[in-house]
Amino acid sequence: MASAAPTVANPTAPPLPAVQRYFEISLFLLVATGVMAIVSTGKLDAFSTVLPPVVLLYKGIRLWRGRGPELTSRAATGLVLAYFLFFPLDLWVISRELAAGAPNPLMYAALLSTIHLLLFATLVRLCSARSTRDHAFLCLLAIGCMLGSAILTVGAGFLAALALFLVLAVSTFVALEMRRSAADAVSPAVDFGSPLARHLNRALFVISAVVAVSALALGGLLFFLIPRVTTGYLSAFNLRPTLMTGFSDNVTLGEIGQIQQSSEIVMRIHVDGNPATAKEVHWRGIVLTNFNGTRWYTPAESREVVPESSIGEYKFSADEPGGGALVPLRYTVLMEPIATDAIFLAPQIAVLRGRFTDALPRPGFASSGFLLRDSTGSIFNPAHNAVTIRYDALSLVPAISPPELRKAPAAFPRKIRGLYLQLPARLDSRIPRLAGDIAAQSRNEYDRVAAISTYLQGHYRYTLDLKGPAPADPLANFLFVRREGHCEYFATAMTVMLRTLGIPARYATGFAPGEYNDVAGDYIIRSSDAHAWVEVYFPGYGWLTFDPTPAGNEQHRGMFDRLGLYWDWVQYNWGEWVVNYDFYHQMMVGRNIHATSRTWSDRARDFYRRGQRAALDAILSLDRRTEASPYFLPSLLVVLIAVLFALRGRALLRYLVARWRLRAHRGGNLTASLATLEYSELLRLLEKRGWKKSPAQTAFEFASAISSPELAAPVMEFTELYQRARFGSGIPGVPAMDASELDHPARIERMTALLRSIRDLLRSRKRSVR
């Protein structure tokens, strides 16, 4: 017989073609995920954003068609070396120009140029990898791309990219090891596309997914359990190339309009309790006092230092204590990096909590944290807002009715009149006349304020499209020529006109209420919500908000906008519980777990008690019904019999029929069926006492195995009667029983008497054991 020829390794052919193909695809997807993680951050220039996806698409098509590397190893090495010559130009010219608006231009330029080099080397190596060493180096470059993405952003999208990258990394390294181990092995080929190859691919994918998910789960558990002593450290990596500007103590008309061109999210605000209480709230940042005709500013002044208390709170006094109804508003703000040191809050701030600064301790203060407050009540962060900041606040929002304000006196304090009645040196004379004409029919301060606000909303149009050269007098041009503009012009016009009427007013900047996301339960504040409005002083009530800007065109939301709200919910929770996860959040998680466990235990206890009471009531009600009904017991008996027959009906029926036949044949013949029935009853009794007959034992072998002296004799005699009744003389060693013996009634009675005796012996043994 000829033997099969041994399988010989072919050093020129790739080992395990199925594994080779799987490895190539997995490696390509790994590199593509790392590269696209960087590109999708939105922090790169246009060229670096477009070129990598094009190269990946081209490589993917060639890989699908089974084509080899596009570049030789020599060419790839030469291209990378040539790029090192280009790197200084990128660092000091190209990337430096791109980083011009960054908080730290030099650092950001170095980061951009390094990422450019990383992307270039990754794409070149992807198009030239041939050996195992090239593939391993390409895996390291892909890991470098993911690290670069983590530096550029820690947004919620990074979590999805990281999860996919972990799955592909495990898959790629497992396939790489299998490919390397099979290179010199003698094994049968597994062709790509064969059933075995498909099974292998599925197994590799499942293993990779399980390992990656387990790693993420374990890492997430450790992330939430490791004690934190400072603010969320991931927020420090939330690097932005440029920060939104426009909020400072010196604002030229038109700057906020430029901010409103962007839809980038600036803040997310979660309101405790009813979210509708913040529907009309303006989130105030900076209040400006002086206007020179083209710009608003606040003269340089010393700011009050507000130290952090021992429990981590900043407390502020109200402008006018006891002035009218105040509605408490508790809210949490998650503010993205922004190029201003202002803290955006609802008016009148009472208590503020947050980790704003890690400044050195100041003499006279026990805590290192402190904020600054100017004469207008604006709150500032001395460490600026270059990273994501989370803070909780309690504001007492004025809720004063118009009838109350109409009764407010017009006696303004001298300090208020001296500061908030300032007007430009060259004010167009038509502006005071227009203000006087509008307020001519008004009899009190509130009606004058409301009249001017209503007039501006009804006679002027809101627009962000202000093309053409800037006029010499932008306010007069807005009121008498263009008659349209954005919020800055409306707020400036109202503030100036009120001041011409002798009513103290000031120009406030910040953000409009924003868009409420009913999915996440928070308000989304975007750059386009940047706003300016007017604050008017009422003696006894303080500064109240008035917004003369007419509402813009309402936008109708579609399906994709609704999906965007869900994505914003993901981003909000990612920023709240991952990026800014700190000791405060750990305490909150602990309290929630404790409260939840107590809630569930209380619910379980209440459920048990309700069930117990319901069962007792049902039993008592049933007892009362049974006493009153003569049909209950018969019906219950019928039901029990029906249940018994449903469970053991067939076997029970056979047993009852056999017992009936046994009773009916008393004094008759001992048939084989009757003997079998009695023997089955014997086996049942003995099994209950520990003597179980094995299927391999004969009846006499089982009888001989009974160890009890008082039971051995009757069991053996019973067995002999059973054997004679069933088999007669067919059993070797057993004398035949003639017909006369079988017909004698003593034999039947003897078998029944033996079974009764054995039953009594077993019962006596049970009592003696007890």
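Positions within a chain are numbered from 1, following the residues in the order the chain's sequence is written. Per-residue local features are limited, in this predicted model, to residues with pLDDT of at least 70; the limit for side-chain atom pairs, both in listing and counting, is 80 or more; totals at the level of whole chains, interfaces and linings are taken over all residues. Values reported for side chains reflect all heavy atoms of the structure, with hydrogen atoms and water molecules removed beforehand.

Asks: How would you summarise the overall build of the protein chain if you had to cite specific residues and measurements?
Replies: A helix here means a DSSP run of H or I that spans at least four residues, while a strand means a run of E at least two residues long, and both kinds are numbered starting from the N terminus. When helices and strands are tallied, the protein chain shows 22 helices and 19 strands. A buried classification covers 42% of the 770 residues belonging to the protein chain. Across the protein chain, the fraction of contacts at a sequence separation of at least 24, relative to all contacts at a separation of at least 6, is 76%. Here's how the labels work: a residue is buried when its accessible area is under 20% of the maximum for its type, exposed when over 50%, partly exposed in between, all with a 1.4 Å probe on protein chains only. Contacts are residue-level and defined by heavy atoms, with any inter-residue pair within 4.5 Å sufficient.

Asks: Describe the sheet that holds strand 3 (residues 283-288), with residues and values.
Replies: A pair of strands counts as paired when DSSP detects no fewer than two bridges linking them. Spatially, four strands are ordered 3-15-18-19 in an open sheet, and the strand pairing comes out antiparallel. Each end of this open sheet is capped by a strand with a single partner; those strands are strand 3 and strand 19 (542-546). The mean angle between the axes of side-by-side strands here comes to 40°, regardless of whether they run parallel or antiparallel. In this sheet, strand 15 (residues 505-511) lies alongside strand 3 in antiparallel orientation, the contact comprising five bridges. Counterpart to tryptophan 283 in the pairing with strand 15 is phenylalanine 511. Only the stretch in contact is used when a helix axis is fitted, and all axes are lines through C-alpha atoms; the angle between N-to-C directions ranges over 0 to 180 degrees. Against the sheet, helix 12 (residues 445-459) contacts strand 18 (530-538) and strand 19, and its axis sits at roughly 160° relative to strand 18. Against the sheet, helix 14 (residues 487-500) touches strand 15, strand 18 and strand 19, its axis set at about 15° to strand 18.

Asks: Lay out helix 14 with the relevant residues and their values.
Replies: Take the number of residues in a helix, subtract one, and multiply by 1.5 Å to get its expected span. Over its 14 residues, helix 14 runs 20 Å from end to end, which matches the ideal 20 Å to within 8%, given 1.5 Å per residue. By the criterion of burial, helix 14 is predominantly enclosed, with 13 of the 14 residues buried. Of the residues one or two after helix 14, glycine 502 is the one with positive phi, at around 85°.

Asks: If you had to explain the nonpolar core to someone new, which residues and values would you point to?
Replies: What tends to happen in soluble globular proteins is that the nonpolar side chains get buried as a cluster. Counting 45 residues, the largest nonpolar core has Leu456, Met497, Leu498 and Phe538 as the members making the most contacts within it. With nine residues, helix 14 is the single largest residue contributor to this core. Every residue in contact with phenylalanine 538, bar those within four places of it in the chain, is listed here: Leu405, Ala408, Glu445, Tyr446, Val449, Leu544 and Phe546. By nonpolar core is meant a set of buried Ala, Val, Leu, Ile, Met, Phe, Trp, Tyr and Cys residues that side-chain atoms within 4.5 Å join together.

Asks: I'd love a proper account of the sheet that holds strand 11 (residues 379-380), names of residues and values included.
Replies: With antiparallel pairing, three strands are arranged side by side in an open sheet as 6-10-11. Edge positions in the open sheet fall to strand 6 (304-307) and strand 11, since each of these has one partner strand only. Note that strand 10 (residues 370-373) and strand 11 share two bridges and pair antiparallel. Along strand 11, the bridge assignment pairs arginine 373 with isoleucine 379.

Asks: Residue-level account of a nonpolar patch on the surface, with values.
Replies: On the surface, Phe86, Leu89, Trp92, Val93, Ile94, Leu98 and Leu106 cluster together into a nonpolar patch covering about 620 Å² of accessible area. Among the elements that take part in the nonpolar patch, helix 3 (residues 73-98) stands out by supplying six residues, more than any other. Mapped onto the elements of the fold, leucine 98 is located in helix 3. On the accessibility criterion, leucine 98 (36% relative accessible area) is partly exposed. To count toward a patch, a residue needs a relative accessible area above 30% and no salt bridge. Like charges then connect within 9 Å, nonpolar side chains (Val, Leu, Ile, Met, Phe, Trp, Tyr) within 5 Å. For the accessible areas, the method is Shrake-Rupley and the probe is 1.4 Å, while residue cover comes only from the protein chains on display. Salt bridges, as used here, are contacts in which a Lys or Arg side-chain nitrogen is within 4 Å of a carboxyl oxygen on Asp or Glu.

Asks: Report on the confidence of the model for the protein chain, specifying residues and quantitative values.
Replies: Where the model shows low pLDDT, its predicted coordinates should not be examined in detail. A residue's pLDDT is the predictor's confidence in that residue, given on a scale from 0 to 100. The predicted model of the protein chain averages 79 in pLDDT, with 77% of residues at 70 or higher. Per-residue pLDDT stays below 50 along residues 358-367; that stretch engages in nine contacts with residues further than four places along the chain or on separate chains. Predicted confidence for residues 736-746 stays below pLDDT 50, and this span has 11 contacts to residues more than four positions away or in other chains.

Asks: Please set out the packing of helix 18 (residues 672-688) against helix 20 (residues 709-727) residue by residue, giving values where relevant.
Replies: Packing of helix 18 against helix 20 leaves a shortest axis separation of 8 Å and a crossing angle of 150°. By the angle between their directions, the pair helix 18 and helix 20 is classed as roughly antiparallel. In this structure, helix 18 meets helix 20 at a crossing whose hand is left-handed. Across from Ala672, Ala675, Thr676, Glu678, Tyr679, Leu682 and Leu686 in helix 18, the residues of helix 20 making contact are Val715, Phe718, Thr719, Tyr722, Ala725 and Arg726. Gly is put with the polar residues, along with every residue not named as nonpolar or charged; the nonpolar set is Ala, Val, Leu, Ile, Met, Phe, Trp, Tyr, Cys and Pro, and the charged set is Asp, Glu, Lys and Arg. Residues that form the contact of helix 18 with helix 20 fall into these classes: nine nonpolar, two polar and two charged. For classification purposes, an angle smaller than 35 degrees is called roughly parallel, one larger than 145 roughly antiparallel, one from 65 to 115 roughly perpendicular, and anything else oblique. Crossing handedness is read from the near helix: turned anticlockwise from the far helix by less than a right angle, it gives a left-handed crossing, and turned clockwise, a right-handed one.

Asks: Account for the packing of aromatic side chains, with residues named and values stated.
Replies: Only centres within 6.5 Å qualify two rings of Phe, Tyr or Trp (six-membered ring in Trp) as a pair; their planes then separate them into stacked at under 30 degrees, edge-to-face at over 60, and tilted for everything else. Using the criterion set out here, one finds 19 aromatic pairs in the structure. Ring geometry for tyrosine 455 versus tyrosine 460: centroids 6.2 Å apart, planes at 65°, classification edge-to-face. Clustering of aromatic rings is evident, with ring pairs tying together Tyr455, Tyr460, Phe478, Tyr489 and Phe490. Sitting over a ring, as applied to charges here, requires NZ of Lys or CZ of Arg to be within 6 Å of the ring centre and within 35 degrees of the ring normal. Cation over ring: arginine 303 sits above phenylalanine 380, and NZ or CZ is 3.7 Å from the ring centre.

Asks: I'd like a rundown of the pattern of salt bridges, residues and numbers included.
Replies: Any two side chains of opposite charge can pair if their charged atoms end up close together. Using the criterion set out here, one finds 17 salt bridges in the structure. Arginine 62 is paired through a salt bridge with glutamate 70; the nearest N and O atoms lie 2.5 Å apart. Among the charged side chains, a network of salt bridges with common partners joins Lys59, Arg62 and Glu70.

Asks: Before we move on, can you summarise the side chain of serine 378 with the specific residues and values?
Replies: Tracing the sequence through the fold places serine 378 in the loop between strand 10 and strand 11. With relative accessibility at 1%, the residue serine 378 sits in the buried group. Leave out the neighbours within four places in its chain, and serine 378 touches Gly285, Ile286, Val287, Leu372 and Arg373.

Asks: Which residues make up unusual backbone geometry, and what values do they have?
Replies: Look at arginine 483: it is not a glycine, yet its phi comes out positive at around 60°. You can see arginine 483 is positioned in the loop between helix 13 (474-482) and strand 14 (484-485). Taking the relative accessible area as the measure of exposure, arginine 483 reaches 33% and is therefore partly exposed.

Asks: So what about helix 5 (residues 132-152)? Which residues, and what values?
Replies: Because an α-helix completes one turn every 3.6 residues, residues spaced three or four positions apart along the sequence face the same direction. Between its first and last C-alpha, helix 5 extends 31 Å over 21 residues, near the 30 Å set by a 1.5 Å rise per residue. Three or more residues of helix 5 are buried, namely Asp134, His135, Leu138, Cys139, Leu141, Ala142, Cys145, Met146, Gly148, Ser149 and Leu152.

Asks: Before we move on, can you summarise the side chain of histidine 135 with the specific residues and values?
Replies: Along the chain, histidine 135 falls in helix 5. Excluding its chain neighbours within four sequence positions, the residues that come into contact with histidine 135 are Phe23, Leu27, Ala129, Arg130 and Arg179.

Asks: Account for the packing of helix 3 against helix 4 (residues 105-126), with residues named and values stated.
Replies: Contact geometry for helix 3 and helix 4: axes closest at 8 Å, N-to-C directions at 155°. Overall, the two elements helix 3 and helix 4 adopt an arrangement that is roughly antiparallel. Crossing handedness for the pair helix 3 and helix 4: right-handed. Residues Ala76, Leu79, Val80, Tyr83, Phe84, Phe87, Asp90, Leu91, Trp92, Ser95, Arg96 and Leu98 of helix 3 form the contact with helix 4, whose own contacting residues are Pro105, Leu106, Ala109, Ala110, Leu112, Ser113, Thr114, His116, Leu117, Phe120 and Val124. When the residues that make up the contact of helix 3 with helix 4 are grouped by side-chain class, the tally is 17 nonpolar, four polar and two charged.

Asks: Outline the pairing of strand 19, supporting the account with residue identities and numerical values.
Replies: The element strand 19 is extensively covered by neighbouring structure, given that four of its five residues are classed as buried. From the end of strand 18 to the start of strand 19, which pair antiparallel, there are three residues, and glycine 540 there has a positive phi angle of about 90°.

Asks: Give me the lowdown on the environment of alanine 508, citing residues and values where you can.
Replies: The topology assignment puts alanine 508 in strand 15. Alanine 508 sits in the buried class, given a relative accessible area of 0%. For alanine 508 and alanine 491, which are 17 residues apart along the polypeptide, the C-alpha to C-alpha distance reads 8.2 Å.

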